[in-house]
Amino acid sequence: MKNSLLLFCMLFCIGQLVFAQETLDYYLPDGKYDKEIPTPEDILGYQIGKWHVSHDQIVMYMREVAKASDRVLLEEKGRTHEDRPLLLLTITSPQNQKNLEQIQNDHIALTRAKDSQSIDLEEAPVVVYQGYSIHGNESSGSNASLLMAYYLAAAQGKEIEELLENVIILLDPCMNPDGLHRFATWANMHKSKNLISDTESRELNEHWPRGRTNHYWFDLNRDWLLLQHPESQARIRTFHEWKPNILTDHHEMGANSTYFFQPGVPSRTNPLTPPKNQELTEKISTFHAAELDAIGSLYYSKESFDDFYYGKGSTYPDVNSCIGILFEQASSRGHAQDSDNGVLTFPFTIRNQVKTSFSTLKAAKALRTDLLTYQKDFYKNAQQESILDGTKAYVVGTEADKSRLYHFVELLTQHEIDVYELSSSIRADGMKFDKENAFIIPLEQQQYRLIKAMFETRTSFTDSLFYDVSTWTLPLAFNLNYANVKGKVDLGQKVEELRKPLGKVVGNESNYAYLFEWDEYYTPRALYQLLNKDLRVKVANRPFTAETSEGERTFDYGTIQIPIQNQSLTKRELFNFIQQVARENGLQIFATKTGLTSTGIDLGSPNFSALKLPKLLLVVGDGVTSYDAGEIWHLLDQRYDIPITLVEGKALGYADLTKYTTIIMANGSYGSIKGESVSTLKNWIQDGGNLITIKGATRWAASNNLASVKFRSAVSSKGKTIIKKRPYNKLWDDRGAQVIGGAIFNTTLDLTHPLSYGYNKKNLAVFRKGTLFFEPGRNPYSTPMLYTNDPLLSGYISDKNSSLVRNSAGVVVTGLGSGRVISMADNPNFRAYWYGGNKLLANAIFFSKIISRSATESAPHAKKEEKKDEDDGHGHKH
């Protein structure tokens, strides 16, 4: 009995040790603290680690700290999609705060090769950017940021004073406010008074789409280079306002892991990163090790993670003279979780993040002159490399789409890249670049290495494994013509203030019709505005030459016509509205006075097809890849201003699908859609619905007899298969080498097909992640996009996958009753920066009904009579 009681007491005490609320000294070193500075508990009413802080609580506390301390400057640097403030705390000594602008100017001068010699490195402070929880459900970082803010504002004594005198700290407490707020709500709403560490607990298993991502379900830690979201844009503005020497990026990983800090896998460092960067990273890592050793926390480095893709928080700094450092803490996900290393508590995860925040600042102070010297040398060496580079500039342009070109140049300038107009039209790499529709980017400038990273194509690598994508060539993503300029570079005027393309109506008010081509990026938005105004609009399925006020002009496939007669607006009202649409979307809309053309179809031709207002449904929920679904939502909502209803896949069976013209299924497995739901969807398609399936959704559609798409697999060798023995330790490397984590491929388009309207070149670069390959359709007209015979443009692909992707289908169209199923092998909206693919999705939305039934694959088990008397899409019967 006595032994049983003792055992009970021991277990009870252990439970209290594991789950007890920690005190402030669990996280922070002993010492004297300014009592005028409020602790997190003073403001929140609870100690850090008891609950997951919400973003509004972070804002509340940081404002109070800034109000109380002369060490802290608080700024709002921007707003998220959900209008949450993006805060930055600049923390340093009171004396440095008084001279902050001069310190900042001197520090920036260090990055200019011509000015850096005048800077005294012995006196200059080092700049450290500490960023927390860019993934919202990796929240130990943001919770740690409150403790760091308190410590830096309140700690007293020689050590903190010397630190603040020598270091400027840019503290970013929450890099993803929308995601963190979503996750904090989930974790807190499921917390029990008696903490549950069972891995099956609902608290530890978030529901779709989870809190990792921002409002539109994007991974913001892939957006540092791409800058498609306000959170990233604000962060990069801050980065270049200061150009820090160290940037830390605090993350979480699986609960059974320990703690990771960089360096990463040495063989996977981007070759544009100077070796000195990795040497300094390794020196800094000894400080992390010492800090974690002191509290007995397990850790590792030089495994798992890499420094290749420059679009992440730990690698973007590497191409900008800064040392980027990734921290990965095993995640409790909620408040406590069972793991291979025992019960992992939320306070424990926070403490590790605090400790490596301390170690970073200690390293920065100790290595201050090394870091400043590296930064100065980085730009001096880059300048020398640019002079020796055989390529002197990149020229980029397009005559057909000024908005796409505008957004490309906008992206470059956000990264502090100097862009110039052409002084005159030039030819390069066999292409002509018109002065009015092209820009030139000289390489002899501060951002030489970043420019190389953005424009280069690379197909050979020292390692076949990648933590993220293996390439990201920006002009290919924007579908722009670009070329290397080898000789002397004649620059025009530097782009100081980038202006959006101006649209206008060419000619006066028309008595007959208005025309605009489908080339410009914002034509889908313009078309939706017209249809939503209840106007009659048609699309040309053949080219023609028409008379305009500027003389004869050739109009291509996909030209949009707005007739004057039988509209809901008067002629004057229509003209005013057309002017508004042109201005808002950067379009040249032409007024024409006659329907008679000099060549090609006349404006009353049956080869003009009437268009209907699209009403869209996007399938979301379990089984759907949230990234891909979010990219569709973002494109339609943010850029095209086209409403789209988000519906859970499991609800399709009882949703009223007759309200929608198009249903979009992003990459996913869709196991929840079966039985009656499939029948409901099939009936909707047969009645004229348009289903768009992307990547894995196509496999689901094919398995349910909705899409007639065949899939490629490795060709079996003839005769006896010889299995080559391999060492066990090569298993994961061998498997990883067969993954297509992200590469760019060349395809050919049928420019006469409605899905290709608006494209002017037969070749289109596509981004591929994954190994799902489509066979071309058996109908010779059903595959408007094909991979070329030698398709790899940039990135890594194994020999096995190279043979599979060659001449495979990019798009296959299936006919099912009166409806269409448009299946895409790749995501045309990848990470929102793949501007060149967006029109494929827009065309699938607006033009599916005009695709002839005779140009489609027959759906499996389709009835033969479905082919009788079908409209060919252009008003003709067969």
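Anyway, here's the lowdown on the structure attached to this text. (Residues numbered from 1 in each chain as written. Predicted model: local features only at pLDDT ≥ 70, side-chain atom pairs only at ≥ 80, totals over all residues. Heavy atoms only, no water.)

1. With respect to the overall build of the protein chain
Where we set the bar: In DSSP terms, a helix is any run of H or I states spanning at least four residues, a strand is any run of E spanning at least two, and both are numbered starting from the N terminus. Note on method: radius of gyration uses C-alpha positions; expected globular size equals 2.2 Å times residues raised to 0.38. Throughout this description, buried means an accessible area under 20% of the type-specific maximum (1.4 Å probe, protein chains only), exposed means over 50%, and partly exposed covers the range between. We call two residues in contact when some of their heavy atoms are within 4.5 Å. Accessible areas in this description were obtained via Shrake-Rupley with a 1.4 Å probe; residue shielding takes into account the shown protein chains only. Here the positive residues are Lys and Arg and the negative ones are Asp and Glu; neither His nor the chain ends is included. Charged side chains are reduced to one point each, which is NZ for Lys, CZ for Arg, CG for Asp and CD for Glu.
Counting its regular elements, the protein chain contains 24 helices and 37 strands. Computed over C-alpha atoms, the radius of gyration of the protein chain comes to 30 Å, within 12% of the 29 Å expected from 2.2 N^0.38 for 878 residues, which places it in the range of a compact globule. Taking the principal axes of the C-alpha coordinates as reference, the protein chain spans close to 90 × 75 × 65 Å. Out of the 878 residues in the protein chain, the part that is buried amounts to 60%. In the protein chain, 79% of the contacts between residues at least 6 apart in sequence involve partners at least 24 apart. Total accessible area on the protein chain stands at roughly 35,500 Å², and carbon and sulfur atoms take up 48% of it. Counting 97 positive and 103 negative side-chain charges, the protein chain places the averaged centre of each group 6 Å from the other.

2. Let's talk about the packing of aromatic side chains
Applied cut-off: In this analysis, rings of Phe, Tyr and Trp, with Trp reduced to its six-membered ring, are considered paired at centre separations within 6.5 Å, and the interplanar angle assigns stacked below 30 degrees, edge-to-face beyond 60, and tilted for intermediate values.
Counting across every chain of the model gives 41 aromatic pairs. The interplanar angle of 10 degrees and the centroid separation of 4.1 Å between the aromatic rings of Phe 767 and Phe 830 together place this pair among those described as stacked. Of this pair, Phe 767 sits in strand β32 (residues 763–768) while Phe 830 sits in the loop between β36 (819–824) and α24 (838–846); the two residues are 63 residues apart in sequence, bridging distant segments of the chain. Summarising the burial analysis for this pair, Phe 767 and Phe 830 share the class buried.

3. Describing the side chain of Asp 307
Quick reminder of the rule: The definition of a polar contact used here is a pair of N or O atoms within 3.5 Å, where within protein one atom must be able to donate a hydrogen and the other to accept one, and adjacent residues in sequence count solely through side-chain atom pairs.
Structurally, Asp 307 is set in the loop between α11 (275–295) and β7 (323–330). Within the local environment of Asp 307, its side chain forms a polar contact with the side chain of Gln 278, the two groups lying 3.5 Å apart.

4. Some points on the sheet that holds β7
Operational definition: A pair of strands is treated as paired once DSSP finds two or more bridges between them. To obtain each axis, a line is fitted to C-alpha atoms, and for helices this fit is confined to the stretch in contact; angles are then taken between N-to-C directions over 0 to 180 degrees.
With respect to topology, seven strands assemble into an open sheet ordered β1-β2-β4-β3-β5-β7-β6, the strand pairing being mixed. The sheet terminates laterally at β1 (72–79) and β6 (259–261), the two strands that pair on one side only. Strand after strand, the sheet turns through a mean of 20 degrees between neighbouring axes, direction not considered.

5. Some points on the nonpolar core
Convention followed: What is meant by a nonpolar core is a set of buried Ala, Val, Leu, Ile, Met, Phe, Trp, Tyr and Cys residues, joined one to another through side-chain atoms within 4.5 Å.
Formed by 166 residues in total, the largest nonpolar core has its most connected members in Tyr 514, Met 665 and Leu 681. With residues near it in sequence (within four places) discarded, Leu 681 still touches Leu 657, Ile 663, Met 665, Leu 691, Trp 700 and Leu 706. Listed in part, the 63 residues of the second largest apolar core include Val 65, Ile 169, Tyr 259 and Phe 327.

6. Examining helix α4 (residues 55–68)
Let me state the cut-off plainly: Any helix carries an expected span of 1.5 Å times its number of residues minus one.
In this model, α4 (14 residues) spans 20 Å end to end at C-alpha, consistent with the 20 Å of a helix rising 1.5 Å per residue. Taken together, the buried positions of α4 are occupied by His 55, Gln 57, Ile 58, Val 59, Tyr 61, Met 62, Val 65 and Ala 66. On the buried face of α4, the contacting elements are α3 (40–44), β1, β2 (85–91), α7 (140–154), β4 (167–172) and α9 (177–189).

7. Remarks on the pattern of salt bridges
Stated formally: When a carboxyl oxygen of Asp or Glu is within 4 Å of a side-chain nitrogen of Lys or Arg, the pair counts as a salt bridge.
Tallied over the entire structure, the rule returns 30 salt bridges. Between Lys 362 and Glu 291 there is a salt bridge whose closest N-O contact spans 3.1 Å. Residue Lys 362 is located in helix α12 (residues 346–366), and its partner Glu 291 is located in helix α11; the two are separated by 71 residues in the primary sequence. For the salt bridge of Lys 435 with Glu 436, the shortest nitrogen-to-oxygen distance reads 4.0 Å. For Lys 435, a relative accessible area of 33% corresponds to the partly exposed category. Linked through salt bridges whose partners overlap, the residues forming this network are Glu 138, Arg 212, Asp 219 and Arg 222.

8. A short note on unusual backbone geometry
For the peptide bond that leads from Trp 208 to Pro 209, omega is 0 degrees, which places it in the cis range. Mapped onto the elements, Pro 209 comes out in the loop between α9 and α10 (230–242). A cis amide bond links Gln 262 to the next residue, Pro 263, at an omega of 25 degrees. Note that Pro 263 resides in the loop between β6 and α11. Residue Ser 321 is not a glycine yet carries a positive backbone phi of 70 degrees. Within the fold, Ser 321 resides in the loop between α11 and β7.

9. Topic: the environment of Glu 517
Here Glu 517 lies in the loop between β18 (513–516) and α17 (523–532). On the basis of relative accessibility, which here comes to 17%, the residue Glu 517 falls in the buried class. Expressed as a C-alpha distance, the spacing of Glu 517 and Thr 554, which sit 37 residues apart in the sequence, is 9.7 Å. Apart from residues lying up to four places away in sequence, Glu 517 is in contact with Thr 523, Arg 553, Thr 554, Phe 555, Asp 556 and Thr 559. Of the polar contacts made by the side chain of Glu 517, one reaches the backbone nitrogen of Asp 556; its length is 2.9 Å.

10. A few points about the environment of Ala 187
As for its position among the elements, Ala 187 is in helix α9. Given the relative accessible area of 0%, Ala 187 is considered buried. Sequence spacing of Ala 187 and Leu 204 is 17 residues, and the spatial spacing of their C-alpha atoms is 7.5 Å. The contact partners of Ala 187, leaving out residues within four places of it in the chain, are His 52, Glu 203, Arg 333, Gly 334 and His 335.

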